[in-house]
Amino acid sequence: MDEILHITIPLIVADDNDNESLQKAVATAIMDNEGQFFPLLERLIDKGDARLTVIDGSLNIENIDVDVSLTGGVASGSFDSDFYAGCKDMNSQDDHEVTLEFEIEDGNLVFDIELPPAWRPE
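Here is a short report on the structure shown in this document. (Residues numbered from 1 in each chain as written. Predicted model: local features only at pLDDT ≥ 70, side-chain atom pairs only at ≥ 80, totals over all residues. Heavy atoms only, no water.)

## With respect to unusual backbone geometry
Cut-off, in case you're wondering: Helix and strand labels come from DSSP, where a helix needs a run of H or I of at least four residues and a strand needs a run of E of at least two; each type is numbered from the N terminus.
Although it is not a glycine, leucine 70 adopts a positive phi angle of roughly 60°. As for its position among the elements, leucine 70 is in the loop between strand E3 (60-66) and strand E4 (72-83). Not every positive phi belongs to a glycine, and aspartate 106 is a case in point at roughly 50°. Examined against the element boundaries, aspartate 106 turns out to sit in the loop between strand E5 (92-105) and strand E6 (108-114).

This is the structure we're talking about:
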């Protein structure tokens with residue numbers, strides 16, 4: 001059964017007819033509400049190992065493509081994960097890509113994201 005992550009974030013835009021202003025507002029809203037995306041981010045790195053975690057505050061939205069009607073689009077960016085191996089020289093961090101499709105409805109960003117399946121050992 002598909003799991004859907006539903007997120008609604010108020011969108012505050014200085015000029016909602018200006019594409020650049022809208023793009024900046026979308027990126028800011030997503031990064032300011034990073035915690036709501038953790039279920040997705042955690043699933044994207046899930047390897048069944050509790051030593052692998054998403055680094056809080058690492059979500060960075062680098063590109064926003066808004067459709068012509070200004071009613072939706074796609075945000076893309078990256079986030080970091082940390083692997084704690086227990087030894088300084090074995091701990092590591094990795095960078096991961098993320099793409100988020102969104103709709104703009106009644107002044108809100110709306111995300112309906114299908115979560116990847118949780119890792120399960122064979």
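## Some remarks on helix H1 (residues 19-32)
Where we set the bar: One less than the number of residues in a helix, times 1.5 Å, gives the span that helix is expected to have. Burial classes follow relative accessibility: with a 1.4 Å probe on protein chains only, a residue under 20% of its type's maximum area counts as buried, one over 50% as exposed, and anything between as partly exposed. Working rule for contacts: check all heavy atoms of both residues, and any pair within 4.5 Å makes them a contact.
Taking 1.5 Å as the rise per residue, H1 with 14 residues should run 20 Å; its terminal C-alpha atoms sit 20 Å apart, in good agreement. Those residues of H1 that fall on the buried side of the exposure criterion are Ser21, Leu22, Ala25, Val26, Ala27, Ala29 and Ile30. Buried residues in H1 make contact with strand E1 (4-10), E3, E4, E5 and E6.

## Some thoughts on the pairing of E1
Convention followed: Strands pair, by our definition, only if DSSP identifies at least two bridges between them.
With burial as the criterion, only one face of E1 is covered, namely that bearing Leu5, Ile7 and Ile9; the residues Ile4, His6, Thr8 and Pro10 on the opposite face remain uncovered. Bridge count between E1 and E6: seven bridges; the pairing is antiparallel. Bridge pairing in E6 links isoleucine 7 to phenylalanine 111.

## Thoughts on the nonpolar core
For clarity, the threshold we go by: Joining through side-chain atoms within 4.5 Å is the link that ties buried Ala, Val, Leu, Ile, Met, Phe, Trp, Tyr and Cys residues into a set, and such a set is a nonpolar core.
Counting 30 residues, the largest nonpolar core has Ile30, Phe37, Leu100, Phe102, Leu109 and Phe111 as the members making the most contacts within it. It is H1 that contributes the most residues to this core, six residues altogether.

## A short note on helix H2 (residues 38-45)
Buried within H2 are the following residues: Phe38, Leu40, Leu41, Arg43 and Ile45. Contacts made by the buried residues of H2 are with E1, strand E2 (52-54), E4, E5 and E6.

## Let's talk about the packing of aromatic side chains
Let me state the cut-off plainly: Ring pairs shown here join Phe, Tyr and Trp side chains whose ring centres sit within 6.5 Å, with only the six-membered ring taken for Trp; geometry is labelled stacked below 30 degrees between planes, edge-to-face above 60, and tilted in between.
For the coordinates displayed, the defined rule picks out two aromatic pairs. Taken together, a centroid distance of 6.1 Å and an interplanar angle of 55° make the contact between phenylalanine 102 and phenylalanine 111 tilted. For the residue pair phenylalanine 102 and phenylalanine 111, the accessibility class agrees, reading buried in each case. Taken together, the ring pairs connect Phe37, Phe102 and Phe111 into an aromatic cluster.

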